[in-house]
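Reading the structure
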Amino acid sequence: MAKQKTASRPAAKTAVKKKWTGLKSTAKSSARKTIKSKGRAPAAKSKTAAKPAAKTASKARPKQRIAISHHREEDFKADGLRTYAKYRDLGISAASHGLAQAHVIRLQGPCNPDEVSKLHFHDVEFQMVYVLKGWVKTYMEGEGETLMKQGSAWTQPPRIRHMILDYSDDVELLEVILPAEFKTVELKA
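For the structure given in this document, a descriptive report is provided here. (Residues numbered from 1 in each chain as written. Predicted model: local features only at pLDDT ≥ 70, side-chain atom pairs only at ≥ 80, totals over all residues. Heavy atoms only, no water.)

Before going further, it helps to spend a moment on the overall build of the protein chain. Within the protein chain, the secondary structure is distributed over 5 helices and 10 strands. Across the 189 residues of the protein chain, 28% fall into the buried class. When the accessible surface of the protein chain is split by element, carbon and sulfur atoms take 55% of a total near 13200 Å². (Helix = DSSP H or I, 4+ residues; strand = E, 2+ residues; numbered from the N terminus. Buried < 20%, exposed > 50% of the residue type's maximum accessible area, 1.4 Å probe, protein only. Areas by Shrake-Rupley, 256 points an atom, 1.4 Å probe, with all protein chains shown as cover.)

Rendered as structure tokens:
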């Protein structure tokens, strides 16, 4: 048995030396086989490690593209979720094949609470909002009322009940949502 230990150590040193000197990788393969044959890497681990790789490969998304969006006033459209807002799509949905969406939102002032303050939730995986300009007062379940000013940012967990209570006439928000297509459910207050 002592001879086997002595024989395997020089082989392992050679494999390490070849790895770092840039020589052929066959020494690495044989060294791995030697370790596995000695029972140091249980077979169960290698089988479970192969499964996630296969799942990932089968669910591969199309390759994402670059999305560049420059500010242009004419890009703000009243074609989004809220009738009291204009949206500037940043091209993220198309570039990511629906993985996410991002847009700049201008809430149109003055705020009309009868139209704006409706409790709702979005069936999303992720939602983040950043105040670019002005301020907005929100209500989020578990957080209560919060005044968000220029430079404020927040995330909303999936399906959290929330609503806008008030906002400044000049408010602009950056919103990022995953996935790009989602359902909004309006609730009774």
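Turning next to empty space enclosed by the protein. In total, this model carries 1 cavity of 30 Å³ or more according to the counting rule given. The computed volume of the largest cavity comes to approximately 140 Å³. Around the largest cavity sit 16 residues that line it, and Arg 82, Trp 154, Gln 156, His 162 and Ile 164 are the ones nearest its centre. Listing elements by their share of the lining of the largest cavity, those giving two or more residues are strand 4 (126-133), strand 5 (135-140), strand 8 (162-167) and strand 9 (172-178). It is strand 5 that provides the largest number of residues to the lining of the largest cavity, a total of 4 residues. Taken together, the residues of the lining of the largest cavity break down into 9 nonpolar, 5 polar and 2 charged. (1 Å grid on protein atoms, 1.4 Å probe; cavity = no way out; pocket = protein on both sides within 12 Å on 5 of 7 lines; lining within 4 Å. Points joined across faces, edges and corners; volume = space filled by probe spheres on them. Nonpolar A, V, L, I, M, F, W, Y, C, P; charged D, E, K, R; others polar.)

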